[in-house]
Amino acid sequence: MAVKQLSIFVENKEGKLVTITDSIANANIDIRAMSVADTQDFGIFRLIVTDPERAKEALESSGCFVSITQVVGVSIPDVPGSLAKVVNILARHNINIEYMYAFITVSKKNASVVLRVADNEAAEKILVDNGVKLLEEKDVINM
């Protein structure tokens, strides 16, 4: 059930994000979620897109270093405490969240959260067993 995430190594130089976003746009691929972690010299641009494999090819053709990582996507009610519930469930089962980022869907009823954990299958089972709705790749594409 994991969602595919693109991780792109980006030099912190003028024009690098233009290359990335133009490559994705020219391949007619939509970006659904993104996160940027940076230092003074470089960053990691993480993306959830509608066609990860084709986006990877387009980015590599533009000279980008990119990898695909499996992450867990969850859909939670867009109300206070929903994220805390998910984080607590994973903590009770000793699953550490390496990083996460969120985005709100058009419906405004739910928020979507991307979680990077060491063991996706274990996290997914625990979350489902505790009533948390997981996102699948097709859910992200159809947002």
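These lines cover the structure that appears in this document, whether it is placed above or below. Small disclaimer: the values here were computed from a predicted structure and weren't measured.

Topic: the overall build of the protein
Okay, so step 1: The helix and strand inventory of the protein stands at five helices and seven strands.
Okay, so step 2: N-terminal to C-terminal, the α/β element order of the protein is β-α-β-β-α-β-α-β-β-α-β-α.
Okay, so step 3: Against the 2.2 N^0.38 benchmark of 15 Å for 143 residues, the protein shows a C-alpha radius of gyration of 16 Å, consistent with a compact globule.
Okay, so step 4: Overall size of the protein, expressed as C-alpha extent along the three principal axes, is 45 × 30 × 25 Å.
Okay, so step 5: For the protein, contacts bridging at least 24 residues in sequence account for 68% of all contacts bridging at least 6.

Describing the packing of aromatic side chains
Okay, so step 1: One pass over the full model with this rule turns up one aromatic pair.
Okay, so step 2: The ring of Tyr-99 carries Arg-46 above its face, with NZ or CZ at 3.7 Å from the centroid.

A word on the side chain of Thr-50
Okay, so step 1: Counting through the fold element by element, Thr-50 comes out in the loop between strand E3 (42-49) and helix H2 (52-61).
Okay, so step 2: Excluding residues that lie within four positions of it along the chain, Thr-50 makes contacts with Ile-29, Asp-30, Arg-32 and Ile-141.

Regarding the pattern of salt bridges
Okay, so step 1: The final tally for this structure, using the stated rule, is nine salt bridges.
Okay, so step 2: Linking Arg-116 and Glu-98 is a salt bridge whose minimum nitrogen-to-oxygen distance equals 3.8 Å. Of this pair, Arg-116 sits in strand E6 (residues 110-117) while Glu-98 is found in strand E5 (residues 97-104), placing the two residues 18 residues apart along the sequence.
Okay, so step 3: The exposure class of Glu-98 is partly exposed, given its relative accessible area of 45%.
Okay, so step 4: In this structure, the salt-bridge partner of Asp-129 is Lys-125, at a minimum N-O distance of 2.7 Å. You can see Asp-129 and its partner Lys-125 sitting in helix H4 (residues 120-129), four residues apart, about one turn around the helix. There is no split in this pair, since Asp-129 and Lys-125 are both exposed.
Okay, so step 5: If you follow the salt bridges from partner to partner, you end up with Glu-11, Lys-13 and Lys-16 in one network.

Details of the pairing of E3
Okay, so step 1: Within E3, six of the eight residues are buried, which leaves the element mostly enclosed by the surrounding structure.
Okay, so step 2: Direction of pairing for strand E1 (residues 3-11) relative to E3: antiparallel, over a ladder of six bridges. Among the inter-strand pairings, Val-10 is bridged to a residue of E3, identified as Gly-43.
Okay, so step 3: Examined bridge by bridge, strand E2 (residues 31-38) and E3 share seven bridges and lie antiparallel to one another. What sits directly across from Val-36, in E3, is Phe-45.
Okay, so step 4: Between E2 and E3, which pair antiparallel and follow one another directly, the connecting turn spans three residues.

Digging into H2
Okay, so step 1: Considered for burial, the residues of H2 that qualify are Pro-52, Ala-55, Ala-58 and Leu-59. All buried residues of H2 lie within an arc of 125° about the axis, which places them on one face of the element. In this structure, H2 carries Glu-57 and Ser-61 as exposed residues pointing more than 90 degrees from its buried face.
Okay, so step 2: Residues of H2 that are buried in the fold lie against E1, helix H1 (16-26), E3, strand E4 (65-77) and helix H5 (137-141).

Examining a nonpolar patch on the surface
Okay, so step 1: Nonpolar side chains collect at one region of the surface, where Phe-9, Phe-42 and Phe-65 lie side by side and expose about 330 Å² of accessible area between them.
Okay, so step 2: Tracing the backbone shows Phe-42 in strand E3.
Okay, so step 3: For Phe-42, a relative accessible area of 35% gives the class partly exposed.

Definitions and cut-offs
Residues numbered from 1 in each chain as written. Predicted model: local features only at pLDDT ≥ 70, side-chain atom pairs only at ≥ 80, totals over all residues. Heavy atoms only, no water. Helix = DSSP H or I, 4+ residues; strand = E, 2+ residues; numbered from the N terminus. Rg over C-alpha atoms; globule rule 2.2 N^0.38 Å. Contact = heavy atoms within 4.5 Å. Phe/Tyr/Trp six-rings, centres within 6.5 Å; stacked < 30°, edge-to-face > 60°. Lys NZ or Arg CZ within 6 Å of the ring centre and 35° of its normal. Salt bridge = Lys/Arg side-chain N within 4 Å of Asp/Glu carboxyl O. Buried < 20%, exposed > 50% of the residue type's maximum accessible area, 1.4 Å probe, protein only. Pairing = 2+ DSSP bridges. Arc of directions from axis to C-beta. Patch = residues over 30% accessible without salt bridge, like charges linked within 9 Å, V, L, I, M, F, W, Y side chains within 5 Å. Areas by Shrake-Rupley, 256 points an atom, 1.4 Å probe, with all protein chains shown as cover.

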